[in-house]
Amino acid sequence: QAQLVESGGGLVQAGGSLRLSCAASGIIFSINAMGWYRQAPGKQRELVATITSGTTTNYADFVKGRFTISRDNAKNTVYLQMNSLKPEDTAVYYCNAQIRHTPFRSSTDYWGQGTQVTVSS
């Protein structure tokens, strides 16, 4: 009933920047929290940053001061601005959104397909 489509990943040198986008579409009454997670090879998926519908943000310690999450509620889109990238930031980045399809039901978790971010040293 909803889909998340990510874009903006790619290859960048250490110290560079990338901006990820994730647009939600489908039957959407409202979106609660949205967020970004990442998974490096051989590691578990981990939280990068989240943002509530009221725009309260939360960041993993390893990205504080370097990454900024934001959202455009009119476009049902969440962004992740990544600056001062490090080789250890290399991972597949996944978008997450808690979507309500009607005002009468609780939200459902959706995930994007993932976008590769590779930071070369």
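One can find the structure itself at the top, above this paragraph.
Residues numbered from 1 in each chain as written. Predicted model: local features only at pLDDT ≥ 70, side-chain atom pairs only at ≥ 80, totals over all residues. Heavy atoms only, no water.

K.L.:
Got a sec to walk through the overall build of the protein? Specific residues and values, please.
P.N.:
Along the protein, the regular secondary structure elements total zero helices and 11 strands. When its helices and strands are written in sequence order, the protein yields β-β-β-β-β-β-β-β-β-β-β. On the principal axes, the C-alpha backbone points of the protein span a range of 50 × 25 × 25 Å. Residues classed as buried in the protein amount to 40% of the 121 residues present. Of the contacts formed within the protein by residues at least 6 apart in sequence, a portion of 55% connects residues at least 24 apart. On the protein, roughly 6,300 Å² of surface is accessible, and the fraction owed to carbon and sulfur atoms is 48%. (Helix = DSSP H or I, 4+ residues; strand = E, 2+ residues; numbered from the N terminus. Buried < 20%, exposed > 50% of the residue type's maximum accessible area, 1.4 Å probe, protein only. Contact = heavy atoms within 4.5 Å. Areas by Shrake-Rupley, 256 points an atom, 1.4 Å probe, with all protein chains shown as cover.)

K.L.:
Requested: an account of the environment of Ile28, with residues and values cited.
P.N.:
In this structure, Ile28 sits in the loop between β3 (18–26) and β4 (30–39). Taking C-alpha positions, Ile28 is 8.3 Å from Gln1, a pair spaced 27 residues apart along the chain. The residues touching Ile28, leaving out its near neighbours within four places in the chain, are Asn76, Ile99 and Arg100.

Distances and angles like these do not, on their own, reveal function.
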